[in-house]
Amino acid sequence: MVTGGLLIIGLAVALGVLAVVAAASGQLHIPATEVASGFLRGLGVDLGPAASHPRADATLWSVRFPRVAMAMVVGAALAVAGALMQGAFGNPLAEPSVVGVSAGAAVGAAAAIVFGLTAFGAWTSVVCAFVAGIVTTTVVYLFSRSNGRTEVVTLVLTGIAVNAVAGAALALLMFLGDTQAREEIVFWQLGSLNGSRWDHVLVVAPLAVLGLVLAARLARPLDLLALGERPARHLGVHVERLRIHSILLVGLLTAAAVSFCGIVAFVGLVVPHLVRMIAGPGHRLLLPASALGGAVCLLAADLLARTAVDYAELPLGMVTAAVGGPFFFWLLHRTRRTAGGWG
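This is a predicted model, so every value here is computed, not measured. (Residues numbered from 1 in each chain as written. Predicted model: local features only at pLDDT ≥ 70, side-chain atom pairs only at ≥ 80, totals over all residues. Heavy atoms only, no water.)

**What about the overall build of the chain?**
When helices and strands are counted, the chain shows 14 helices and 2 strands. Relative to its length of 343 residues, the chain is compact, with a C-alpha radius of gyration of 21 Å against a globular reference of 20 Å. Principal-axis analysis of the C-alpha atoms places the extent of the chain at approximately 65 × 55 × 35 Å. With 343 residues in all, the chain has 48% of them scored as buried. Nonlocal contacts in the chain, meaning residues at least 24 apart in sequence, comprise 76% of its contacts between residues at least 6 apart. (Helix = DSSP H or I, 4+ residues; strand = E, 2+ residues; numbered from the N terminus. Rg over C-alpha atoms; globule rule 2.2 N^0.38 Å. Buried < 20%, exposed > 50% of the residue type's maximum accessible area, 1.4 Å probe, protein only. Contact = heavy atoms within 4.5 Å.)

Structure follows, in structure tokens:
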């Protein structure tokens, strides 16, 4: 096992290096030293080499820095949401989409696009996506309760049913919409950080930070729950309340993330599991390490999405799914082999 300090430091260094590389890369290449000096100049500190291109600083501050910041925030939020799901329900295959928040957000955004809703101006589709994601999470939770308890199997099956209904609703909305609306819905479903701005970051970041802080307070109860429900209850953990809080935080983190960038799959599944394999199951380390790992993962995926093909940008959700899908198959095989099956 890697010690917690080494893992956190390693992930932080990787994130810093990757952030500089991401900010430097694009159709207009900007040397790493100029990225650093451009960042300092934006903060009012004139230090380092001058920009070699007249629009370098404007490109950094209006396009690339907001996109890098958004990738970090969204990646951290999705990864911590996945860690909470896996810890609260004791299932390494759990991820935020299980509670239907991503599918619900997609329906909310699609409805705003198709029906031309403008109650919140340019932010209408974002607000609708966020609200619909939270509502969907609440519905899944309420329908999965039985005799005052929330069982894992019931939650998963309810999530599958709600995701199916949301898929049908999306298909209907695409049928009702015109060509432009269909293109917008498809673009939203595929996920992208293109067009990220500072005002977007300033909306998502506080919600994500709030979710991360509240998640950190659940670290000890989640560690106790890993011993089993009965031992956790004897040690003073209110298991059902813990799961309610976890589901609400998952809804908050995921809805905030996907409202601006669309559906991004597998980050909440892959990152927490990898961190758990490297550093162990303790949530005091798992949650912050997952946040850093999620930021690294999504920043790397976004860098690949916008640089793999010249003068084109791959859908971010496609890139994360292309990596996460094979990992999921490997995880299924590994779990069956080590646990002797699912029964």
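After that view of the structure, there is still more to cover.
**Considerations on the packing of helix α3 (residues 56–89) against helix α13 (residues 283–307)**
α13 packs onto α3 with a crossing angle of 135° between their chain directions and a minimal axis gap of 7 Å. For the element pair α3 / α13, the angle class is oblique. In the crossing of α3 with α13, the sense of the turn from one axis to the other is right-handed. Here R67, V68, A71, M72, V74, G75, A76, A79, V80, A83, L84 and G87 of α3 lie close against α13, whose contacting residues are H283, L286, L287, S290, A291, G294, A295, L298, L299, D302 and R306. (Axes fitted to C-alpha atoms, helices over the stretch in contact; angles between N-to-C directions. Parallel < 35°, antiparallel > 145°, perpendicular 65-115°, else oblique. Left-handed = near helix turned anticlockwise from the far one by under 90°.)

**Examining the confidence of the model for the chain**
Residues at a pLDDT of 70 or more form 97% of the chain, whose mean pLDDT is 87. Averaged pLDDT values for the elements of the chain fall to 72 in strand β2 (residues 149–150) and rise to 94 in α13. (pLDDT = per-residue confidence, 0-100.)

**Examining helix α6 (residues 152–176)**
Compared with an ideal rise of 1.5 Å per residue, which puts 25 residues at 36 Å, α6 spans 36 Å between its outermost C-alpha atoms and is within 8% of the ideal. The complete set of buried residues in α6 reads L155, T158, G159, V162, A166, L170 and L173. (Expected span 1.5 Å × (residues − 1).)

**Remarks on the pattern of salt bridges**
On inspection of all chains with the given rule, the structure shows 7 salt bridges. Note that R233 is salt-bridged to E229, the shortest N-O span being 3.2 Å. With R233 and E229 both in helix α10 (residues 229–234) and 4 residues apart, the pair spans about one turn of that helix. With relative accessibility at 23%, the residue E229 sits in the partly exposed group. Salt-bridge contacts for R243 lead to E229; the nearest nitrogen and oxygen are separated by 3.0 Å. With a gap of 14 residues between them, R243 in helix α11 (residues 239–261) and E229 in helix α10 connect regions that are remote in the sequence. Classification of R243 as buried rests on a relative accessible area of 5%. Three or more residues joined by partner-sharing salt bridges are found here, namely R67, D302, R306 and E313. (Salt bridge = Lys/Arg side-chain N within 4 Å of Asp/Glu carboxyl O.)

**Quick look at the nonpolar core**
Grouped burial of nonpolar side chains is what soluble globular proteins tend to show. Ranked by internal contacts, the top residues of the largest apolar core, which has 75 residues, are L84, M85 and L299. With residues near it in sequence (within four places) discarded, L299 still touches L15, L18, A19, A22, V68, A71 and M72. Listed in part, the 14 residues of the second largest apolar core include I113, L170, I185 and W188. (Core = buried A, V, L, I, M, F, W, Y, C linked by side-chain atoms within 4.5 Å.)

**Observations concerning a nonpolar patch on the surface**
Taken together, the side chains of F115, L117, L172, F175 and L176 present a nonpolar region at the surface, about 550 Å² in accessible area. With respect to the helices and strands, L176 occurs in helix α6. (Patch = residues over 30% accessible without salt bridge, like charges linked within 9 Å, V, L, I, M, F, W, Y side chains within 5 Å. Areas by Shrake-Rupley, 256 points an atom, 1.4 Å probe, with all protein chains shown as cover.)

**Considering the side chain of Q86**
Along the polypeptide, Q86 turns up in helix α3. A relative accessible area of 3% means that Q86 is categorised as buried. Not counting residues within four places of it along the chain, the set of residues in contact with Q86 comprises N91, P92, A94, G268, L269, P272, H273 and R276.

**Considerations on the side chain of T59**
Structurally, T59 can be placed in helix α3. A polar contact of 2.8 Å, which involves the side chain of T59, links it to the backbone oxygen of R55. With residues up to four places along the chain from it excluded, the contact list for T59 reads L28 and R64. (Polar contact = N/O pair within 3.5 Å; in protein donor to acceptor, adjacent residues only side chain to side chain.)

**Overview of the state of the cysteines**
Considering all chains together, one arrives at 0 disulfides under this definition. Free cysteine C297: the closest other cysteine sulfur is in C261, separated by 12 Å. Judged by its relative accessible area of 29%, C297 is partly exposed. (Disulfide = S-S within 2.5 Å.)

**A short note on the packing of helix α5 (residues 124–144) against α11**
The interhelical angle for the contact between α5 and α11, taken along N-to-C directions, is 155°, at an axis separation of 8 Å. In terms of axis orientation, α5 runs roughly antiparallel to α11. Crossing hand, α5 versus α11: right-handed. Only E240, I244, I247, G251, L252, A255, A256, S259 and F260 of α11 make contact with α5, whose side of the interface consists of V126, A129, F130, I134, T137 and Y141. For the contact of α5 with α11, the class distribution of residues is 11 nonpolar, 3 polar and 1 charged. (Nonpolar A, V, L, I, M, F, W, Y, C, P; charged D, E, K, R; others polar.)

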